[in-house]
Amino acid sequence: MTNDSGALSIAMLPPEAAEDEALVGRLVGIVNAAYAVGEAGMWVAGTSRGSVEELRGLIRASEIVVARVGDRVVGCVRVHRLSETMWGFGMLAAARDAHGTGVGRALVAAAEQLARSAGASEMQLELLVPGDRVQESKVRLAAWYSRAGYRAVAHRDFAEDFPELATSLAVACDYQIWRKPLSRGD
């Protein structure tokens, strides 16, 4: 992806970036805007999927990778170790004007490469889905993950595993656990 501002670049944020109010605000805005569309009707009105403090903590923990075009942040993903051999990613979000430009694909590739370089042999993600209906945005996202080599391996009740968050749901939801083996050649 290129535009007048430059080429797409992907990088892990350094912990001190947590103190950059404009950057953290931009990331919170991107995440909440993306999830407001992708998870429309799934959460109680006014529920945010990411807060300033949450993002600051993840940045301090070296778990946030950002995509930029020139100096402008256009997306992010959280990447973290789940076990010695498995890493996970989540909070994948792209700015609305960056949809369809390869930002998400580049962020997932970066997350996979970070995991691979740390010795992981498998990557995991969790996909929240409404339990009572088909949500088209989730169907498209599942197909996208499938094309990227991920496979659903489990289906769990969100309220059972995350009771403190379930009170913010507008509808009963499940979450799917998806995994992909990471080979050295991916």
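Here is what the cut-offs are and how they apply
Residues numbered from 1 in each chain as written. Predicted model: local features only at pLDDT ≥ 70, side-chain atom pairs only at ≥ 80, totals over all residues. Heavy atoms only, no water. Helix = DSSP H or I, 4+ residues; strand = E, 2+ residues; numbered from the N terminus. Buried < 20%, exposed > 50% of the residue type's maximum accessible area, 1.4 Å probe, protein only. Contact = heavy atoms within 4.5 Å. Areas by Shrake-Rupley, 256 points an atom, 1.4 Å probe, with all protein chains shown as cover. Lys, Arg positive; Asp, Glu negative; His and termini not counted. Charge placed at Lys NZ, Arg CZ, Asp CG, Glu CD. Expected span 1.5 Å × (residues − 1). 1 Å grid on protein atoms, 1.4 Å probe; cavity = no way out; pocket = protein on both sides within 12 Å on 5 of 7 lines; lining within 4 Å. Points joined across faces, edges and corners; volume = space filled by probe spheres on them. Nonpolar A, V, L, I, M, F, W, Y, C, P; charged D, E, K, R; others polar. Pairing = 2+ DSSP bridges. Right-handed = clockwise from strand over helix to strand, strands pointing away.

### Things to note about the overall build of the protein
So, point 1. Helix and strand counts for the protein stand at six helices and eight strands.
So, point 2. Scanning the protein from its N terminus toward the C terminus, one meets helices and strands in the order β-β-α-α-β-β-β-α-β-α-β-α-α-β.
So, point 3. Sorting the 186 residues of the protein into buried and exposed places 42% on the buried side.
So, point 4. Sequence-distant contacts in the protein: of pairs separated by 6 or more residues, those separated by 24 or more amount to 70%.
So, point 5. Just so you have it, the protein exposes about 9300 Å², and 52% of that area is on carbon and sulfur atoms.
So, point 6. Charge separation in the protein, taken as the distance between the mean sites of 20 positive and 23 negative side-chain charges, equals 6 Å.

### Re helix α3 (residues 103-117)
Count 3.6 residues to each turn of an α-helix, and residues three or four apart come out pointing the same way.
So, point 1. Compared with the 21 Å implied by 1.5 Å per residue over 15 residues, the 21 Å span of α3 between its first and last C-alpha is a close match.
So, point 2. Phi turns positive, to about 95°, at Gly119, one or two residues after α3.

### Observations regarding the layout of surface pockets
So, point 1. Estimated volume of the largest pocket: approximately 1500 Å³.
So, point 2. Lining the largest pocket are 48 residues, and of these Tyr35, Met91, Leu92, Leu141 and Tyr145 sit closest to its centre.
So, point 3. Of all the secondary structure elements, the ones that give two or more residues to the lining of the largest pocket are α1 (21-38), α2 (52-60), β4 (72-81), β5 (86-94), α3, β6 (122-130) and α4 (136-147).
So, point 4. Among the residues forming the lining of the largest pocket, the class breakdown is 24 nonpolar, 14 polar and 10 charged.

### Overview of the pairing of β6
So, point 1. Of all nine residues in β6, seven are buried; the element is thus mostly enclosed.
So, point 2. The pairing of β5 with β6 spans three bridges and is classified as parallel. Bridge pairing links Trp87 to Met123 in β6.
So, point 3. Crossover connection from β5 via α3 to parallel β6: handedness right-handed.

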